[in-house]
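Summary of the model geometry
Here are the chains, one letter per residue:
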Amino acid sequence: MSQTASSFENYKIKQSLERIERKRSHTGATSLVSLYMPHGTSIPDVTQQLVNERGTAANIKSKATGKAVIAALSSILNRLKQVRTLPDNGLVIFCGITQTGKVEYFPIRPVQPLTRKMYVCDTRFHTEHLRDQLEVKEQFGLMVVDRESAAYALLRGNHMTFLRKLHSFVPGKHGKGGQSQRRIQRGTEILAKDHLRRAGETASELFLEIPDLKGIVVGGPSLAKENFVRGDFIDFRLRDKIMGTVDTGYTGEQGIRELMEKSTEILKDVRYLEEKKLVQTFLSELGKDTGLVAYGHKEVMKAMELVAVKTLLISEELDVIQTKVVCPQCNYEKQEAVKARNFVEFEEEIIKSNCPECGSSKLSIDDTQDFVEELGNRSAETGALIEIISIDTEEGVILFKSFGGLVAILRYPIREM
Ligand SMILES: [Zn+2]
């Protein structure tokens, strides 16, 4: 699976998990079921196991808890009847009576294959294994360089691996006066350049072989790092990945540790850079009039239908969920559009508040429509990639304000018919 496809899936699953993690059983009873089924799990076996669990639940001392467990298991068993085979990465089901007072059911397709089967019944849902899968595993190169030394490390998540230290002999700047001083100075400059060249070669040797290296941060206490980045010392493939320079007080391994602490802000900008590039690609195709773009809701949808979309760019501002809030007591109904990133808070608010008509506390969200998720399902069928673009960059604002937040980069031009 490509990096970009999973960036969208990660984004959507993270939203779902945040919602699921706030759920609690309605009376504090251990009645919320988390069921992890790796691909290849036998559905009849799981069904049998759940039927057995349901039988045991009838003997639970607290009648309320027993009933809640039975309700959760019955709901899962009903849904499993419709499942023939599990998705490639398996399936996770969260189900039970939550603080809403209703049985809620959340099926999640993991982004990576599940490795083990698990059944837990608790007061909350267990999402830890899905969280682990989402943990960012991007790799970055760290490099500290000064006039005569260089050090290299690899950063993966929060884990740093020190790779190598390099030391060249470059004499200090102080020397005798006169002609010999100039000669020494020239010699020193040549040696310093040699050192930076070697530092660049070592960077190539260490970093070029790392697949999907996301970026490189260069640190150091002196101007040498700027000279290194600006000069012709580093392979062009690595130069494109340099994300910035950072002043450090130290060199060597200590300098690397310092660099790691100081570069968190720079590393956070990686996604922004990706987003900028994606929008720039769209704008450049548009400017060159290659016919390889579509914008405007109708045009983009047409391109989707024709399976012509390579990448769909959607502004995060369009990631809105249409909700219907209902009161079962008096049939009060209200429709509201909620930003996906605010949905969890919205849902909690609804659970806490009373019906404005009859004052009942049974207000609940009856129906939701998630436009972006629907687009996601449709693009999965057509092989299009989806990218959610924030409005935290200038390009993201352009996408939202000038293009309605929805554009596509196409595989082939669509001719007017
Ligand atoms: Zn009401």
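All of these numbers come straight from a predicted model, not from anything done at the bench. (Residues numbered from 1 in each chain as written. Predicted model: local features only at pLDDT ≥ 70, side-chain atom pairs only at ≥ 80, totals over all residues. Heavy atoms only, no water.)

**A look at the sheet that holds strand β7 (residues 159-167)**
Ordered in space as β7-β6-β5-β8-β9, the five strands form an open sheet in which the pairing is mixed. Unpaired on one side and paired on the other, β7 and β9 (242-247) mark the two borders of the sheet. Across this sheet, the average inter-strand angle for adjacent strands is 20 degrees, counted without regard to direction. Direction of pairing for strand β5 (residues 139-145) relative to strand β8 (residues 213-220): parallel, over a ladder of six bridges. For Gly141, the partnering residue across the bridge sits in β8 and is Ile216. Along the sheet face, helix α8 (residues 252-262) touches β5, β6 (149-156), β7, β8 and β9 and points at about 130 degrees away from the line of β5. (Pairing = 2+ DSSP bridges. Helix = DSSP H or I, 4+ residues; strand = E, 2+ residues; numbered from the N terminus. Axes fitted to C-alpha atoms, helices over the stretch in contact; angles between N-to-C directions. Contact = heavy atoms within 4.5 Å.)

**Some thoughts on the coordination of the zinc ion**
Every protein donor of the zinc ion is accounted for by Cys327 (SG), Cys330 (SG), Cys355 (SG) and Cys358 (SG), and the metal-donor separations fall at 2.3 to 2.4 Å. Its four donor atoms give the zinc ion angles of 107 to 112 degrees at the centre, a pattern that matches the tetrahedral case. Written as a sequence motif, the donor arrangement for the zinc ion is C-x2-C-x24-C-x2-C. Of the two residues, Cys330 is situated in the loop between β12 (320-326) and β13 (333-339) and Cys355 in the loop between α12 (343-352) and β14 (364-370); the sequence distance between them amounts to 25 residues. (Donors = N, O, S within 2.8 Å, 3.2 Å for Na, K, Ca; no water. Tetrahedral: all angles 85-135°; square planar, octahedral: opposite > 155°, others 65-115°.)

**Some thoughts on the packing of helix α2 (residues 43-57) against helix α3 (residues 63-80)**
Here α2 crosses α3 at 160 degrees, and the two axes come no closer than 9 Å. It follows that α2 is roughly antiparallel to α3 by the angle criterion. Between α2 and α3 the crossing geometry is left-handed. Here Ile43, Val46, Thr47, Leu50, Val51, Glu53, Arg54 and Ala57 of α2 lie close against α3, whose contacting residues are Gly66, Val69, Ile70, Leu73, Ser74, Ile76, Leu77 and Leu80. Looking at the contact of α2 with α3 residue by residue, the class counts come to eleven nonpolar, three polar and two charged. (Parallel < 35°, antiparallel > 145°, perpendicular 65-115°, else oblique. Left-handed = near helix turned anticlockwise from the far one by under 90°. Nonpolar A, V, L, I, M, F, W, Y, C, P; charged D, E, K, R; others polar.)

**Considerations on empty space enclosed by the protein**
Counted according to the given criterion, the structure contains one cavity of 30 Å³ or more. Reported here for the largest cavity is a volume of approximately 50 Å³. In terms of lining residues, the largest cavity is bounded by Arg19, Arg22, Lys23, Gln99, Val344, Glu347, Glu348 and Ile351. Per element, the largest residue contribution to the lining of the largest cavity is four residues, and it comes from α12. Here the residues of the lining of the largest cavity sort into two nonpolar, one polar and five charged. Two domains share the lining of the largest cavity, each providing at least three of its residues, namely domain 1 (1-6 + 13-135) and domain 3 (270-417). (1 Å grid on protein atoms, 1.4 Å probe; cavity = no way out; pocket = protein on both sides within 12 Å on 5 of 7 lines; lining within 4 Å. Points joined across faces, edges and corners; volume = space filled by probe spheres on them. Domains from an automatic or database assignment.)

**Observations concerning the domain arrangement of the chain**
Often, the extent of an interface is quoted as the loss of accessible area upon association of its parts. When cut into domains, the chain gives domain 1 (1-6 + 13-135), domain 2 (139-268) and domain 3 (270-417). Relative placement of domain 1 and domain 3: their C-alpha centres are 28 Å apart. Every contact between the two is made by twelve residues of domain 1 and, on the other side, 14 residues of domain 3. Contact between domain 1 and domain 3 buries roughly 1100 Å² in total, counting both sides, with carbon and sulfur atoms accounting for 48%. Taken together, the connections running from domain 1 to domain 3 amount to four salt bridges. Between Arg22 and Glu348 there is a salt bridge, with its nearest N and O atoms 3.1 Å apart. Along the contact surface separating domain 1 from domain 3 lie six residue pairs in polar contact (both at pLDDT 80 or more). Counting residues per element, the side of domain 1 that touches domain 3 draws most heavily on helix α1 (residues 3-21), at five residues. Its residues placed into classes, the side of domain 1 that touches domain 3 shows one nonpolar, five polar and six charged. (Buried area = accessible area lost by both parts, 1.4 Å probe. Salt bridge = Lys/Arg side-chain N within 4 Å of Asp/Glu carboxyl O. Polar contact = N/O pair within 3.5 Å; in protein donor to acceptor, adjacent residues only side chain to side chain.)

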